[in-house]
There are 2 protein chains.
Amino acid sequence: MMNHTNASQRLHEQLGTLIADTRPGDRLPSEPRLARELGVSRATLREAMRTFETQGMIRRQQGSGTYVTHPVHIIESGLEVLESIESMAQRIGLVVSMGKLAVEQRPPTAAEAQALQLEDGCQVLFLARVIHAEGRPVAYLIDTIPDHLLQTKDLDENFTGSALELLKNSLVLQSSRCEINAVTATSEVAKALGIQRGDVLLRFEATLYSMDGEIVDYSFSYFLPGVFRFHVVRKVE
Amino acid sequence: MMNHTNASQRLHEQLGTLIADTRPGDRLPSEPRLARELGVSRATLREAMRTFETQGMIRRQQGSGTYVTHPVHIIESGLEVLESIESMAQRIGLVVSMGKLAVEQRPPTAAEAQALQLEDGCQVLFLARVIHAEGRPVAYLIDTIPDHLLQTKDLDENFTGSALELLKNSLVLQSSRCEINAVTATSEVAKALGIQRGDVLLRFEATLYSMDGEIVDYSFSYFLPGVFRFHVVRKVE
DNA sequence: CAGTGGTCTAGACCACACG
DNA sequence: GTGTGGTCTAGACCACTGA
């Protein structure tokens with residue numbers, strides 16, 4: 001076989017069986033050791049591990065080790081209806097919780113001002129938080145909301161991470177325009193989700209409209225592939 | 001320099017300005033030379049280049065060089081309606097064409113048989129092709145169709161790459177169920193699209209239903225991020 | 001043929017986790 | 001402190017392109 005991909009493929013298979021043979025929660029051998037045992041360099045091994053990490057089969061924790069993860073139920077959702085992650089998870093009996101939360105009240109960036117169609121001098125409430133399912137980070141959500149609609153003081157200890165639920169309290173919402181793309185994780189997002197910079201993520205960029213046509217929320221949502229299964233029914237013609 | 005991300009960020013900025021200052025179509029300095037000039041190793045430089053390649057700003061061609069690409073018009077489409085890429089492109093006045101085409105008539109794999117709900121002994125028509133826009137590969141499409149619906153002989157020289165148009169000729173179609181995910185390119189797909197293995201792609205996995213409820217097509221579509229902008233309107237409640 | 005990008009190696013230093 | 005993963009380096013060999 002001249003095919004030079006066989007080396008990578010073989011390594012991929014070896015890693016796959018190793019992970020399959022390891023009990024969930026257990027730790028894999030360290031990278032230097034595993035690289036030696038498999039006869040490849042650490043860089044190559046890490047590249048091969050990336051796929052499994054992306055699929056959520058292993059979790060790498062700096063300073064501690066690489067662990068085989070417990071399989072996570074897949075969160076499935078149609079995209080036609082806007083739904084919070086909690087709501088999606090609840091439907092399949094999955095427990096989700098909010099991890100790190102960052103709140104800022106500040107002037108909007110140029111992009112935010114444009115997306116929200118804000119006048120000069122307005123401020124926005126900025127929310128960034130990690131969503132966990134079964135103890136693992138699975139999504140990173142960023143919302144930017146005009147501060148005449150929502151302010152820091154409106155966030156109490158009952159805030160679960162869903163900006164949607166929060167806005168529903170004081171507004172009648174209409175719909176969200178959501179752009180879908182595939183991106184690689186920046187350092188910031190990678191850190192929040194416990195993955196590596198450069199790993200692949202599904203990204204939603206959305207603007208939320210209230211019933212009277214006002215833009216009330218501009219958000220970025222980053223989802224771990226493998227945990228979420230989003231679908232849409234597309235009609236012909 | 002305490003912040004270790006500053007090195008990467010600075011490199012990213014340097015690369016960005018270099019690309020911006022280079023005329024589209026022109027070649028960048030070679031990797032070894034550029035790495036020397038920027039004071040980083042080739043591996044680090046290549047990692048930094050990956051982002052720009054993903055965004056379609058540069059094109060790397062083995063044995064030849066790295067070129068700054070001409071900006072491509074963005075192909076925008078809503079997902080509610082199933083539409084061929086040609087049709088999408090036509091709306092914005094973009095010329096698309098089919099690149100490499102592979103056709104097979106063979107028994108289905110287990111996954112294909114399950115997705116298409118085929119009985120034993122059936123055969124399928126397998127279509128894989130690259131779609132180009134403005135001379136650049138932008139999508140890789142794979143369709144699997146039961147061979148009682150479509151056969152190799154039905155593909156004439158007028159085949160443009162759209163399985164949808166082909167099926168419309170003989171069937172009344174209803175809708176498509178499309179799962180959306182972010183993936184990294186396999187060697188096969190990377191080669192077809194002229195990107196690197198491991199680069200990020202948007203993937204649609206779809207099953208197409210005819211008006212009488214029969215599954216008539218099972219497909220995977222891989223899209224270059226940056227070229228396509230898919231959106232969906234999500235209603236509240 | 002020389003030069004390019006694609007891949008891999010061995011080794012190093014760092015920030016971090018955990019005892 | 002010790003060992004982990006995260007990152008970077010210098011160098012090598014390969015497949016491929018194009019003169």
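*Asks:* Hey, could you run me through the relation of the copies chain B and chain A in this one?
*Replies:* Superposition of the two copies of the chain requires a rotation about an axis and a shift along the axis. When chain B is brought onto chain A, the operation consists of a screw motion whose angular component is 180 degrees and whose axial shift is 0.0 Å, with 0.1 Å RMSD remaining. Taken together, the turn and the small shift mark the pair as related by a two-fold rotation axis. Measuring from the rotation axis to each C-alpha of chain B, the shortest distance belongs to B:Ala182, at 2.5 Å. The residues that chain B uses at the interface reappear at the interface of chain A in 100% of cases, marking a shared surface.

*Asks:* Could you clarify how one ought to interpret the packing of aromatic side chains in this entry?
*Replies:* The geometry of an aromatic ring pair is captured by two quantities: the separation of the ring centres and the angle between the planes. Going through the model one piece at a time under the given rule, you end up with 14 aromatic pairs over all chains. On the basis of an interplanar angle of 50 degrees and a centroid distance of 4.9 Å, the ring pair of A:Phe204 and A:Phe230 is categorised as tilted. Highlighted residues: A:Phe204 in strand 9 (residues 200-210) and A:Phe230 in strand 11 (residues 228-236), separated in sequence by 26 residues. Comparing A:Phe204 with A:Phe230 shows no difference in burial state: the two are buried. Summarising the aromatic geometry, the rings of B:Phe228 and B:Phe230 are spaced 5.6 Å apart at their centres and angled 5 degrees between planes, so their arrangement reads as stacked. The exposure class of B:Phe228 is buried, given its relative accessible area of 4%. For B:Phe230, a relative accessible area of 2% translates into the label buried. Taken together through their ring pairs, the aromatic side chains of A:Phe204, A:Phe223, A:Phe228 and A:Phe230 make up a single cluster.

*Asks:* For this particular structure, what's the right way to read the protein's contact with DNA strand D?
*Replies:* Taken together, the neighbourhood of DNA strand D is formed by 24 residues, with A:Arg42, A:Arg46, B:Ser8, B:Ser41 and B:Thr44 sitting nearest. The sugar-phosphate backbone supplies 66% of the atoms of DNA strand D found within 4 Å of the protein. Taking A:Glu31, its main chain carries an N or O atom lying 2.9 Å from a phosphate oxygen of DNA strand D. Between DNA strand D and the protein, one listed contact pairs a phosphate oxygen with a side-chain N or O atom of A:Arg46 at 2.6 Å. Counting only elements with at least two residues in the surface near DNA strand D, the list comes to helix 3 (42-54), strand 1 (58-61) and strand 2 (65-68) of chain A together with helix 3 (42-54) of chain B. No other element matches the three residues that helix 3 of chain B contributes to the surface near DNA strand D. Class assignment of the residues belonging to the surface near DNA strand D gives a composition of two nonpolar, 16 polar and six charged.

*Asks:* Hey, could you run me through the protein's contact with DNA strand C in this one?
*Replies:* With respect to spatial proximity, 23 residues lie near DNA strand C, and among them A:Ser41, A:Thr44, A:Gln62, B:Arg42 and B:Arg46 are the closest. Within 4 Å of the protein, the contacting atoms of DNA strand C are 65% sugar and phosphate, with bases supplying the remainder. The contact in question runs from a phosphate oxygen of DNA strand C to an N or O atom on the backbone of A:Ser41, over 2.7 Å. Backbone polar atom of B:Gly63 to a base nitrogen of DNA strand C: 2.9 Å apart, as the coordinates give it. Mapped by element, the contributors of at least two residues to the surface near DNA strand C are helix 3 of chain A together with helix 3, strand 1 (58-61) and strand 2 (65-68) of chain B. Looking at the surface near DNA strand C element by element, the count peaks at three residues for helix 3 of chain A. Residues of the surface near DNA strand C, tallied by class, amount to two nonpolar, 15 polar and six charged.

*Asks:* Sorry if this is basic, but what is going on with the interface of chain B and chain A here?
*Replies:* The accessible area lost on association of the parts is a frequent measure of interface size. In this assembly, 43 residues from chain B lie in contact with 43 residues from chain A. Buried surface at the junction of chain B and chain A, both sides included, amounts to about 3,800 Å², of which 53% is carbon and sulfur. Sorting the residues of chain B by area buried against chain A places B:Ile180, B:Arg234 and B:Val236 first, and these three jointly supply 20% of that buried surface. Counting across the interface, chain B meets chain A through four salt bridges. The salt bridge partner of B:Arg177 is A:Glu76, with a shortest N-O separation of 2.6 Å. Counting across the interface, chain B meets chain A through 20 residue pairs in polar contact (both at pLDDT 80 or more). Its residues assigned to classes, the side of chain B that touches chain A comprises 19 nonpolar, eleven polar and 13 charged. Pairing of strand 8 (residues 173-184) of chain A with strand 11 (residues 228-236) of chain B, which is carried by six bridges, proceeds in the antiparallel orientation.

Conventions and cut-offs
Residues numbered from 1 in each chain as written. Chains lettered and ligands numbered in written order. Predicted model: local features only at pLDDT ≥ 70, side-chain atom pairs only at ≥ 80, totals over all residues. Heavy atoms only, no water. Least-squares fit on C-alpha atoms with pLDDT ≥ 70 in both. Contact = heavy atoms within 4.5 Å. Phe/Tyr/Trp six-rings, centres within 6.5 Å; stacked < 30°, edge-to-face > 60°. Helix = DSSP H or I, 4+ residues; strand = E, 2+ residues; numbered from the N terminus. Buried < 20%, exposed > 50% of the residue type's maximum accessible area, 1.4 Å probe, protein only. Near = heavy atom within 4 Å. Polar contact = N/O pair within 3.5 Å; in protein donor to acceptor, adjacent residues only side chain to side chain. Nonpolar A, V, L, I, M, F, W, Y, C, P; charged D, E, K, R; others polar. Buried area = accessible area lost by both parts, 1.4 Å probe. Salt bridge = Lys/Arg side-chain N within 4 Å of Asp/Glu carboxyl O. Pairing = 2+ DSSP bridges.

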